[in-house]
Amino acid sequence: MTELEFDVLDELYFVLSYQQLVEACELTEQELVVTLATLYEKGWVKVLQTVDDEATEPLELPVKFHTYYYLATKKGLHAHNLG
């Protein structure tokens, strides 16, 4: 796990919007988009359409990254805790 992945997962114990995540992680948007994509591919992050609903439409990553909400998965939290 990279330091950026660790830092992003550290913020995703609760659902956060993309903008909240940008502010919390103090990363550039490019760094955050790449990291979120990697975490999603690993199955460590859930992408949500709304605060309560997981995205069911085909995800348009990275085009619509800013419209989604994010939450660490059980697998992601486990990896983070082993960090």
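These numbers come from a predicted model, not from an experiment.

(A) Spotlight on the pattern of salt bridges. Within this structure, the stated rule accounts for one salt bridge. Lysine 42 is the partner of glutamate 5 in a salt bridge, and the nearest nitrogen-oxygen pair spans 3.1 Å. Taken as a pair, glutamate 5 in helix α1 (residues 3–11) and lysine 42 in helix α3 (residues 29–42) lie far apart in primary sequence, 37 residues in all.

(B) Region of interest: the packing of aromatic side chains. With the rule as written, the count across this model stands at one aromatic pair. Note on phenylalanine 65 and tyrosine 70: the rings are 6.2 Å apart at their centroids and 20° apart in plane angle, and the pair reads as stacked. The same class applies to phenylalanine 65 and to tyrosine 70, which are both buried.

(C) Quick look at the packing of α1 against helix α2 (residues 18–25). Running from amino to carboxyl end, α1 crosses α2 at an angle of 120°, the nearest separation of the two axes being 10 Å. With respect to each other, α1 and α2 are oriented oblique. α1 and α2 meet at a crossing whose hand is right-handed. In this structure, α1 contributes Asp7, Val8 and Glu11 to the contact, and α2 contributes Leu21, Ala24 and Cys25. Each residue belonging to the contact of α1 with α2 can be placed in one class, and the counts come to four nonpolar, no polar and two charged.

(D) Focus on α2. Taken together, the buried positions of α2 are occupied by Tyr18, Leu21, Val22 and Cys25. Viewed end-on, α2 has its buried residues packed into an arc of 105°, placing them on one side of the element. Contacts from the buried residues of α2 go to α1, β1 (16–17), α3 and β3 (69–72). Two residues or fewer past α2, glutamate 26 is found with a positive phi of approximately 55°.

(E) Here's a closer look at a negative patch on the surface. A cluster of acidic residues, Glu3, Asp7, Asp10 and Glu11, forms a negative patch at the surface. Examined against the element boundaries, aspartate 7 turns out to sit in helix α1.

(F) Seen up close, the side chain of threonine 73. As for its position among the elements, threonine 73 is in the loop between β3 and α4 (74–82). In this structure threonine 73 comes out as buried when scored by relative accessible area, which is 14%. A polar contact of 2.7 Å, which involves the side chain of threonine 73, links it to the backbone oxygen of glycine 43. Among the polar contacts made by the side chain of threonine 73, one reaches the main-chain amide nitrogen of glycine 76 at a distance of 3.0 Å. Among residues more than four places away in sequence, those in contact with threonine 73 are Gly43, Trp44, Val45 and Lys46.

Here is what the cut-offs are and how they apply
Residues numbered from 1 in each chain as written. Predicted model: local features only at pLDDT ≥ 70, side-chain atom pairs only at ≥ 80, totals over all residues. Heavy atoms only, no water. Salt bridge = Lys/Arg side-chain N within 4 Å of Asp/Glu carboxyl O. Helix = DSSP H or I, 4+ residues; strand = E, 2+ residues; numbered from the N terminus. Phe/Tyr/Trp six-rings, centres within 6.5 Å; stacked < 30°, edge-to-face > 60°. Buried < 20%, exposed > 50% of the residue type's maximum accessible area, 1.4 Å probe, protein only. Axes fitted to C-alpha atoms, helices over the stretch in contact; angles between N-to-C directions. Parallel < 35°, antiparallel > 145°, perpendicular 65-115°, else oblique. Left-handed = near helix turned anticlockwise from the far one by under 90°. Contact = heavy atoms within 4.5 Å. Nonpolar A, V, L, I, M, F, W, Y, C, P; charged D, E, K, R; others polar. Arc of directions from axis to C-beta. Patch = residues over 30% accessible without salt bridge, like charges linked within 9 Å, V, L, I, M, F, W, Y side chains within 5 Å. Areas by Shrake-Rupley, 256 points an atom, 1.4 Å probe, with all protein chains shown as cover. Lys, Arg positive; Asp, Glu negative; His and termini not counted. Charge placed at Lys NZ, Arg CZ, Asp CG, Glu CD. Polar contact = N/O pair within 3.5 Å; in protein donor to acceptor, adjacent residues only side chain to side chain.

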